[in-house]
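Listed below are the residues making up each chain.
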Amino acid sequence: MNLRRNTKEEIIDVALELFSINGFDATSLSDISSELSITKAALFKHFSSKDEILSSVIKMMDEEDRKRAEEMNVPVSLKVEDEKAYRNVKKNDFLFFALSQFDYWTENKRAVEYRRFLSLERFVRDDLKIKWDENFVSGPLSYTKDVLESLGLENYERKAMRLWSLMFLSYSLYDRGDDRETLKETLKEEISEILEMKNEI
């Protein structure tokens, strides 16, 4: 493989790809170094173990998630951690963020591999089961509740459950081969209705 970027970043990306295909336990450091056409000794200059690579993968994805929220003008963390960030949240910004999340988790190579990896490993490792929950279950559900409450919507808890259920189902429908643009358009209509902004788009 031609190392187009710095070796450490390349190792993380290749490891994530192999983890998502073979699983963490079935992927060896030799597999990673072989895919990169480097020696294990060269790999050890950057990472001391496979677990350290995994930690770097998780850190990278968490950082990407944080940056995306910042760029789209929506809160980065839960309300209990940063209540001030929720004071000026806007419906249009949150709608755009929700739709961009669908694009990200179904189109972005890293995100697709990471979602597949966590989906598999949640049944194997307790720490990754927790990470799956943070990224795809209780984490986004709690975040959505916080946003909808801050927007002043009635029955915000029920609406948050409906919104996140639609998002999660849409990921699964895309995975089975449904048309992404059709799913995205349906999401836009449904989320707009939940946000009570049907006449604003």
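Just above, that's the structure.
Criteria and cut-off values
Residues numbered from 1 in each chain as written. Predicted model: local features only at pLDDT ≥ 70, side-chain atom pairs only at ≥ 80, totals over all residues. Heavy atoms only, no water. Helix = DSSP H or I, 4+ residues; strand = E, 2+ residues; numbered from the N terminus. Buried < 20%, exposed > 50% of the residue type's maximum accessible area, 1.4 Å probe, protein only. Contact = heavy atoms within 4.5 Å. Areas by Shrake-Rupley, 256 points an atom, 1.4 Å probe, with all protein chains shown as cover. Lys, Arg positive; Asp, Glu negative; His and termini not counted. Charge placed at Lys NZ, Arg CZ, Asp CG, Glu CD. Core = buried A, V, L, I, M, F, W, Y, C linked by side-chain atoms within 4.5 Å. Phe/Tyr/Trp six-rings, centres within 6.5 Å; stacked < 30°, edge-to-face > 60°. Expected span 1.5 Å × (residues − 1). Axes fitted to C-alpha atoms, helices over the stretch in contact; angles between N-to-C directions. Parallel < 35°, antiparallel > 145°, perpendicular 65-115°, else oblique. Left-handed = near helix turned anticlockwise from the far one by under 90°. Salt bridge = Lys/Arg side-chain N within 4 Å of Asp/Glu carboxyl O.

Colleague: Got a minute to help me understand the overall build of the protein chain in this structure?
Modeller: Helix and strand counts for the protein chain stand at 10 helices and 0 strands. Taken over the C-alpha atoms alone, the protein chain extends approximately 60 × 40 × 35 Å along its principal axes. Counting across all 201 residues of the protein chain, residues that qualify as buried make up 44%. Here the contacts in the protein chain between residues at least 6 apart in sequence split such that 63% fall between residues at least 24 apart. Total accessible area on the protein chain is roughly 10900 Å²; 47% of this is exposed by carbon and sulfur atoms. Here the protein chain holds 32 positive side-chain charges and 41 negative ones, and the gap between their average locations is 1 Å.

Colleague: Even after reading the chapter, I still don't get the nonpolar core, so can you show me in this structure?
Modeller: A general tendency of soluble globular proteins is for nonpolar side chains to be buried together. In terms of nonpolar packing, the biggest core is built from 57 residues, with Ile32, Ile53, Tyr114, Phe117 and Leu195 touching the most fellow members. Sorting elements by how many residues they give to this core places helix H5 (residues 91-107) first, with 8 residues.

Colleague: Looking at this model, I keep getting lost on the packing of aromatic side chains. Mind explaining?
Modeller: In this description, a pair of aromatic rings is defined by centroid distance and the angle of the planes. Tallied over the full model, the rule gives 11 aromatic pairs. Seen from their ring centres, Trp105 and Phe136 are 4.8 Å apart, and the 70° between their planes marks the pair as edge-to-face. Placement of the pair is Trp105 in helix H5 and Phe136 in helix H7 (residues 126-136), with a sequence separation of 31 residues. Judged by its relative accessible area of 1%, Phe136 falls in the buried class. Each ring, one from Trp132 and one from Phe168, has its centre 6.1 Å from the other, and the planes form 80°; the classification is edge-to-face. Separated by 36 residues along the polypeptide, Trp132 in helix H7 and Phe168 in helix H9 (residues 156-175) bring together distant segments of the chain.

Colleague: Just checking my understanding: could you explain helix H1 (residues 7-22) for this structure?
Modeller: Side chains of residues three or four places apart in an α-helix project in the same direction, reflecting 3.6 residues per turn. Over its 16 residues, H1 runs 22 Å from end to end, which matches the ideal 22 Å to within 8%, given 1.5 Å per residue. Residues of H1 that are buried: Glu10, Ile11, Ile12, Asp13, Val14, Ala15, Leu16, Leu18, Phe19 and Ser20. Within two residues after H1, Gly23 carries a phi angle of roughly 90°, on the positive side.

Colleague: For this particular structure, what's the right way to read the packing of helix H8 (residues 138-150) against H9?
Modeller: The relative placement of two packed helices comes down to the angle between their axes together with the axis-to-axis distance. Their axes nearest at 8 Å, the elements H8 and H9 cross at an angle of 130°. Comparing their axes, H9 and H8 come out oblique. The chirality of how H8 crosses H9 is right-handed. Taken together, the residues of H9 that come into contact with H8 (itself represented by Pro140, Leu141, Thr144, Lys145, Leu148 and Glu149) are Tyr156, Glu157, Lys159, Ala160, Met161, Leu163 and Trp164.

Colleague: So what exactly am I meant to see when it comes to the environment of Leu151 here?
Modeller: Relative to the assigned elements, Leu151 resides in the loop between H8 and H9. Each C-alpha atom of the pair Leu151 and Leu120 lies 35 Å from the other, and the pair is 31 residues apart in sequence. If near-sequence neighbours (up to four positions away) are discounted, Leu151 is found in contact with Val89, Lys90, Lys91 and Leu195.

Colleague: Whenever I open this one, the pattern of salt bridges confuses me. Can you help?
Modeller: Side chains that carry opposite charge are capable of pairing whenever their charged atoms lie near each other. Following the criterion strictly, the structure yields 21 salt bridges and no others. Between Lys109 and Glu17 there is a salt bridge, with its nearest N and O atoms 3.7 Å apart. Separated by 92 residues along the polypeptide, Lys109 in helix H6 (residues 109-121) and Glu17 in helix H1 bring together distant segments of the chain. Residue Arg162 is joined to Glu193 by a salt bridge in which the shortest nitrogen-to-oxygen separation is 3.1 Å. With a gap of 31 residues between them, Arg162 in helix H9 and Glu193 in helix H10 (residues 180-194) connect regions that are remote in the sequence. Here the residues in one salt-bridge network are Asp103, Glu107, Arg180, Glu181 and Lys184, joined through shared partners.

Colleague: How should I be thinking about the environment of Lys40 in this particular structure?
Modeller: Looking at where Lys40 falls in the secondary structure, it is placed in helix H3 (residues 40-44). Sequence-wise, Lys40 and Leu29 are 11 residues apart; in three dimensions their C-alpha atoms are separated by 7.0 Å. Among all residues touching Lys40, those that are not within four sequence positions of it are Leu29, Ser30 and Ser33.

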